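This is what each chain is made of:
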Amino acid sequence: MEFSMKLHAIHWCYFGGLIFLFLQIQIASNEHVYTRELSSGWNLTNQNGSVTKTKVKIPTGIYSALYGEDVLKSYNDVNLRWVAYDNWTYKNTFAFNWTEMESVRFVNLTFHGIDTIAEIRLNHFYIGRTDNMFVRYSYDVTRYLVEENFLEIEFKSPVFAAAAKANALKDHNITVPPECPNQRYHGECNMNMLRKMQASFAWDWGLAAPSMGIWKSVTLEHYEVALIRDIDVAISKNDTHWNMHVRVFIDAAGRRDFYAELTCYAVELLENPIIIDDYKTKPISYQNAVIAFEQAIPINSVTIWWPNGYGVHKLYPLYFTLNSWLNKSEFSLRSKSISQKTVRVGFRTIELIEDIAPANDGNTFLFKVNGMEMFMKGSNYIPSHILPELAGDEARIKHLLFSAKEAHMNMLRVWGGGIYESDYFYNLADEYGILIWQDMMFACAMYPVTNDFLSSVRTEVIQNAKRIAHHPSVAVFATNNENEVALAQNWYHTWQEKSRFDTEYRELYLATINHELKIVEHSTRILPLISSPSNGKISAKDNYLSDDPQDTHYGDIHFYDVLKDGWDPNIYPHPRFASEYGFQSLPQMQSWSRILGNNDNIIELISHRQHHPLAMIPITTLIRRHLPLPLPEEENYAEGLIYLSQIAQAMSTKIETQVYRSLRDTEVRTMGALYWQLNDVWVAPSWSSIDFYGSYKLLHYWARDFMDSITIIALYNSSTKSVNIFLTCDELEVNTKDLKVFQNIYLWSELYVKNSMNWSVTLKPNGVHHDKVIPVSTILTDKFNQNNCFVEYTLQRGSVVLSRAYYFPSAISSAVGVSDPEIEVEISSKYCQGSVNNVKMNSYSLSVIVKKPAIFVYIEIVHKNVVKYKLSRNGYMQMAPTQVVQLEFEYSKCVDITRNNIKILTVNQFMI
């Protein structure tokens, strides 16, 4: 077959992101590296044999195999803890066809994720030990295989394994704090002794479920010489071309140098494949098996990848095949000699600009993508499940990332106490245009620096960096979360041995993690941040341990001041970048009902699951400043606590985010706001905007508005007693024709606007326009006073409202004139249609009807078949008789929603 004919076939077979390729040489299927998954037929037993589970499938863990998600219900975070105190063994038998050995040299047994301390035996031969859940372990088992094979993996209790490591250090008078979490966590000690998900021993938002198990796939890899393990592609640009800087990382079990030919198909970019044949005559060292090359692509041939809100997120597939052999003269193809891998790349540039700030007062800290300064809007992402084997659930991940995209987020921070996320997660972030701030998995602790620990960390960093660095979504690495500030502020009483802990910090994060991240370092990539928060590049002057890593003049900050009034914009700092901040709230009542035991008291369970060291004080204090929270002994206390906590959280997070957005084009140059946190691992008080079951809290509904590309911001300035109006615009080009701002004054007692004025405005593309300062004295005149009215500001183009903001002159609980809105809901229309995978999209139009102003109208759907749903708006102010709200959800069939399934709450009912 002529190559031109085959190239035509290549184009013809490319469809929908999947590549079906005719290779340059016609290759029979048995010439490819063969991978076999050992996914089923596992048995599980505890140490004394009293508990056995058969027919277990991989990926799995002890908790999930025995109890599914029951650990998340009632008080099972404590009641089922015995699981983590026992030792467990997985067993599997599998057949091996010896005739296949005639055509391969090696069979690898590869564990892509073992959680965490385990010993592996095959046919009663010791194969290896594991101690890091973030590491891929691969063993050449060729000589151990027989026709019927017996594989067993013996797991040690992570709780006792961690304690043993801590005690071994104590025997040498070495302590590594914190030894135990706050007692409110109901957690386990010595999380920092193990390289496993730190949050599995409990956190202030999550339960302790110290997991064990095979949390990723187990495979047998049959091959002749070598196989492709990872591919890294860095992207650069000059005046005429984009350049791909490609490195193909290869595993070679034979511990012998070998020869190879690499072919790369870039179907949408190049007419002909790229063939690297340098190593047909020059051997590749098995000790550093990498093939590197560069390829230029004309600029006009490429569609640029943009973050969410700025343009398309175009991805290009690259398909690689590697043919390898051991002897120089051995050019003929042999069985299992061809290894293949596909990655997708996006063409974009990214920079972190840390120049001298406008007022010559510190440095900027801002991201440029494709040469454009961008304000980073988003949140922080924790694992989607406390059980790591379930954290890769694609439906759950898709819901969370799509929800972030819909809320106009362009960055998520993958937090350092969780896991390095799945390939699916990063692929989806690429598709949605969501940039990833990637922490390495070290958080809120000191860590040991023993040789074994550091050696394991090196492997962890190298493997995960090589796996994910090529994604256009991956913006920056940070080596840890909050460990520099923990030292600086003496969180764990480290000042008694300050010199030692400073030295160990630098050994772990500078000499080890940062050093190993050089495996993906490139001039086009942002250098890793050593910590978050930190002072950015200026930290180098302090050898990366600054006296004040929270200096607002540099780098990024984490801000929490839980006892202050979160509705007051004047309490917030003016940083360069806020990478963590937030307020707690409670999930909706329907989510609590799914986890309550028959005899559980909801308030007692809330208290049990509230891990904040100050318990419920921050939540209730914030609510009572502004909203009418019932007394604990009142019948509606639980309902009011849940609902009002969501209002308080949403308002506070909105105001703080708007403060940061308003500072963009000032001397402060704030250029990022990532609130804590996007998601949850169980139903509990937390900082999340989406609860564990995927239901939106009011914060997420509001985030869709206050993170929109065009917004109006109204912030009260207490020093000038005025309302400052800002207009933000993240669009690079914007139509400013017919734009006006309306100031509408409402009485709490009556529907409709009672006073209105408007003025023409403009927008600053990719910037903020400081529009107007309005003295409150000019608002509260005539019949309007501090307690009987509030103000709505709308940005409009003609009659179309682009954005809304509110100013409340007094606490809502002090409002005068509030009465029963006599709220009614009518289902005005419904529609059900099929979509992909036999899922029905159910759509309803709800007409909400009131006779008096309704404050923060809250709609909750209560139906056994409706878990995740979306409303077009929620927690809104209704000042007109009728408001139509759209409801959408997916289910396997059409669902009949009636008025009885619609729960409505307003602040009014807690005031009258």
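These numbers were taken from a predicted model, which means no experiment stands behind them. (Residues numbered from 1 in each chain as written. Predicted model: local features only at pLDDT ≥ 70, side-chain atom pairs only at ≥ 80, totals over all residues. Heavy atoms only, no water.)

A. Here's a closer look at the overall build of the protein chain. When its secondary structure is counted, the protein chain shows 15 helices and 48 strands. For the protein chain, whose C-alpha radius of gyration is 29 Å, the value lies close to the compact-globule estimate of 29 Å for 912 residues. C-alpha extents for the protein chain along the principal axes are approximately 95 × 65 × 65 Å. Counting all 912 residues of the protein chain, 61% fall into the buried class. For the protein chain, long-range pairs separated by at least 24 residues make up 72% of all intrachain contacts whose partners lie at least 6 apart in sequence. Surface accessibility of the protein chain: about 35,000 Å² in total, with carbon and sulfur atoms responsible for 48%. Where the 82 positive side-chain charges of the protein chain centre and where its 97 negative ones centre are 3 Å apart. (Helix = DSSP H or I, 4+ residues; strand = E, 2+ residues; numbered from the N terminus. Rg over C-alpha atoms; globule rule 2.2 N^0.38 Å. Buried < 20%, exposed > 50% of the residue type's maximum accessible area, 1.4 Å probe, protein only. Contact = heavy atoms within 4.5 Å. Areas by Shrake-Rupley, 256 points an atom, 1.4 Å probe, with all protein chains shown as cover. Lys, Arg positive; Asp, Glu negative; His and termini not counted. Charge placed at Lys NZ, Arg CZ, Asp CG, Glu CD.)

B. A look at helix 14 (residues 637–662). Here helix 14 contains 26 residues, and its C-alpha end-to-end distance of 37 Å stays within 8% of the 38 Å for a straight helix at 1.5 Å per residue. With 25 of 26 residues buried, helix 14 is to be regarded as a mostly interior element. (Expected span 1.5 Å × (residues − 1).)

C. Local environment of helix 10 (residues 498–516). Compared with the 27 Å implied by 1.5 Å per residue over 19 residues, the 26 Å span of helix 10 between its first and last C-alpha is a close match. Taking the largest bend as the criterion, helix 10 deviates by roughly 25°, centred on E507. For helix 10, every residue scored as buried is listed here: R500, F501, D502, E504, Y505, L508, Y509, L510, T512, I513, N514 and E516. Those residues of helix 10 hidden inside the fold are in contact with helix 8 (451–468) and helix 9 (483–488). (Bend = angle between axes of the 7 residues up to and from the residue.)

D. Here's a closer look at the pattern of salt bridges. By the definition in use, this model includes 40 salt bridges. When the shortest N-O distance is used, the salt bridge between R81 and E188 registers 2.7 Å. With a gap of 107 residues between them, R81 in the loop between helix 3 (76–79) and helix 4 (82–85) and E188 in the loop between helix 5 (158–170) and strand 14 (201–203) connect regions that are remote in the sequence. Among the residues examined, E188 registers a relative accessible area of 11% and is labelled buried. In this structure, E460 engages R195 in a salt bridge whose closest nitrogen and oxygen atoms are separated by 2.9 Å. In this pair, E460 is assigned in helix 8 and R195 in the loop between helix 5 and strand 14, connecting sequence segments 265 residues apart. Pair check on accessibility: E460 and R195 agree, each one buried. Connected through shared salt-bridge partners, E119, R121, R129, E152, E154 and K156 make up one network. (Salt bridge = Lys/Arg side-chain N within 4 Å of Asp/Glu carboxyl O.)

E. Structural view of the sheet that holds strand 48 (residues 902–905). Read from one edge to the other, the open sheet built from three strands follows the order 46-44-48, with strand pairing classed as antiparallel. Each edge of the sheet is formed by a strand with only one pairing partner; in this case those strands are strand 46 (876–878) and strand 48. Geometrically, the sheet is characterised by an average inter-axis angle of 40° between neighbouring strands, direction not taken into account. Across four bridges, strand 44 (residues 854–861) lies against strand 48 in antiparallel orientation. Bridge assignment links Y858 to a residue of strand 48, and that residue is L905. (Pairing = 2+ DSSP bridges. Axes fitted to C-alpha atoms, helices over the stretch in contact; angles between N-to-C directions.)

F. View of the packing of aromatic side chains. Scanning the model with the defined rule gives 45 aromatic pairs in all. Ring geometry for F425 and Y426: centres 5.1 Å apart, planes at 85°, overall edge-to-face. Just as F425 is buried, Y426 falls in that class too. Among the aromatic side chains, those forming a connected cluster through ring pairs are W702, Y746, W748, F790, Y806, F808 and F856. For the cation-ring pair, K314 lies above Y316, with the distance from its terminal atom to the ring centre recorded as 5.0 Å. (Phe/Tyr/Trp six-rings, centres within 6.5 Å; stacked < 30°, edge-to-face > 60°. Lys NZ or Arg CZ within 6 Å of the ring centre and 35° of its normal.)

G. Main features of empty space enclosed by the protein. In total, this model carries nine cavities of 30 Å³ or more according to the counting rule given. For the largest cavity, the calculated volume is near 150 Å³. What lines the largest cavity is a set of 15 residues, among which F477, V520, E521, R525 and I526 lie closest to the centre. With four residues, the single largest contributor to the lining of the largest cavity is strand 31 (residues 474–478). Across the lining of the largest cavity, the residue classes break down as 11 nonpolar, one polar and three charged. Size it by volume and the second largest cavity reaches roughly 110 Å³. Taken together, 13 residues make up the lining of the second largest cavity; nearest its centre are V233, A234, I235, R348 and R525. Each residue belonging to the lining of the second largest cavity can be placed in one class, and the counts come to seven nonpolar, four polar and two charged. (1 Å grid on protein atoms, 1.4 Å probe; cavity = no way out; pocket = protein on both sides within 12 Å on 5 of 7 lines; lining within 4 Å. Points joined across faces, edges and corners; volume = space filled by probe spheres on them. Nonpolar A, V, L, I, M, F, W, Y, C, P; charged D, E, K, R; others polar.)

H. Geometry of the sheet that holds strand 23 (residues 316–325). Strand order in the open sheet formed by four strands is 21-20-23-24, with antiparallel pairing between adjacent strands. Both outer strands of the open sheet, strand 21 (274–276) and strand 24 (338–345), are each paired with one neighbouring strand and no more. The sheet shows a mean angle of 15° between the axes of neighbouring strands, taken without regard to direction. Pairing geometry for strand 20 (residues 259–265) and strand 23, over seven bridges, is antiparallel. Bridge pairing in strand 23 links C264 to F320.

I. Focus on the environment of G582. Along the chain, the position of G582 falls in the loop between strand 33 (578–581) and helix 11 (589–593). Other than its neighbours up to four places away in sequence, G582 contacts F559, Y560, E656, W676 and W687.

J. Quick look at the packing of helix 6 (residues 394–406) against helix 7 (residues 423–432). At a minimum axis distance of 10 Å, the contact between helix 6 and helix 7 shows a crossing angle of 30°. Regarding the angle of helix 6 to helix 7, the classification is roughly parallel. Crossing angle aside, the handedness with which helix 6 passes helix 7 is right-handed. Taking contact as the criterion, the partners of E394, I397, K398, L401, F402 and K405 in helix 6 are, on helix 7, Y424, F425, L428, A429 and Y432. The residue inventory of the contact of helix 6 with helix 7, partitioned by class, reads eight nonpolar, no polar and three charged. (Parallel < 35°, antiparallel > 145°, perpendicular 65-115°, else oblique. Left-handed = near helix turned anticlockwise from the far one by under 90°.)

K. Fine view of the state of the cysteines. Counted by the stated rule, this structure contains two disulfides. Paired through a disulfide, C180 and C189 show a sulfur-sulfur distance of 1.9 Å. Judged by the sign of its S-S torsion, about 100°, the bond between C180 and C189 is right-handed. You can call C180 partly exposed: its relative accessible area is 38%. (Disulfide = S-S within 2.5 Å.)

L. Representation of the environment of Y746 in the model. Examined against the element boundaries, Y746 turns out to sit in strand 37 (residues 739–747). The class for Y746 is buried, based on a relative accessible area of 9%. With 133 residues separating them in the primary sequence, Y746 and M879 have C-alpha atoms 8.0 Å apart. Leave out the neighbours within four places in its chain, and Y746 touches Y752, V753, N788, C789, F790, E792 and M879. At 3.2 Å, the side chain of Y746 and the side chain of E792 are in polar contact. (Polar contact = N/O pair within 3.5 Å; in protein donor to acceptor, adjacent residues only side chain to side chain.)

M. Spotlight on the confidence of the model for the protein chain. Of all residues in the protein chain, 96% attain a pLDDT of 70 or more, and the chain-wide mean is 94. Contacts from residues 1–29, a stretch scored under 50 in pLDDT, to residues over four places away or in other chains number 40 contacts. (pLDDT = per-residue confidence, 0-100.)

N. Structural context of the nonpolar core. The biggest cluster of nonpolar side chains holds 213 residues, and the ones touching the most others in it are W42, V141, I153, L401, L508, F856 and I859. Ranked by the residues each element gives to this core, the list is headed by helix 14, at 13 residues. With near-sequence residues (within four places) excluded, V141 lies in contact with V107, N108, L109, L122, I127 and L220. In terms of nonpolar packing, the next biggest core, distinct from the first, is built from 36 residues, I235, M244, L269 and I297 among them. (Core = buried A, V, L, I, M, F, W, Y, C linked by side-chain atoms within 4.5 Å.)

O. Region of the structure containing the side chain of D502. When you line up the elements, D502 lands in helix 10. Classification of D502 by relative accessible area gives buried; the value is 12%.

P. Seen up close, a nonpolar patch on the surface. Taken together, the side chains of W82, Y85 and F160 present a nonpolar region at the surface, about 300 Å² in accessible area. With respect to the element layout, F160 can be found in helix 5. The exposure class assigned to F160 is partly exposed, which follows from its relative accessible area of 48%. (Patch = residues over 30% accessible without salt bridge, like charges linked within 9 Å, V, L, I, M, F, W, Y side chains within 5 Å.)

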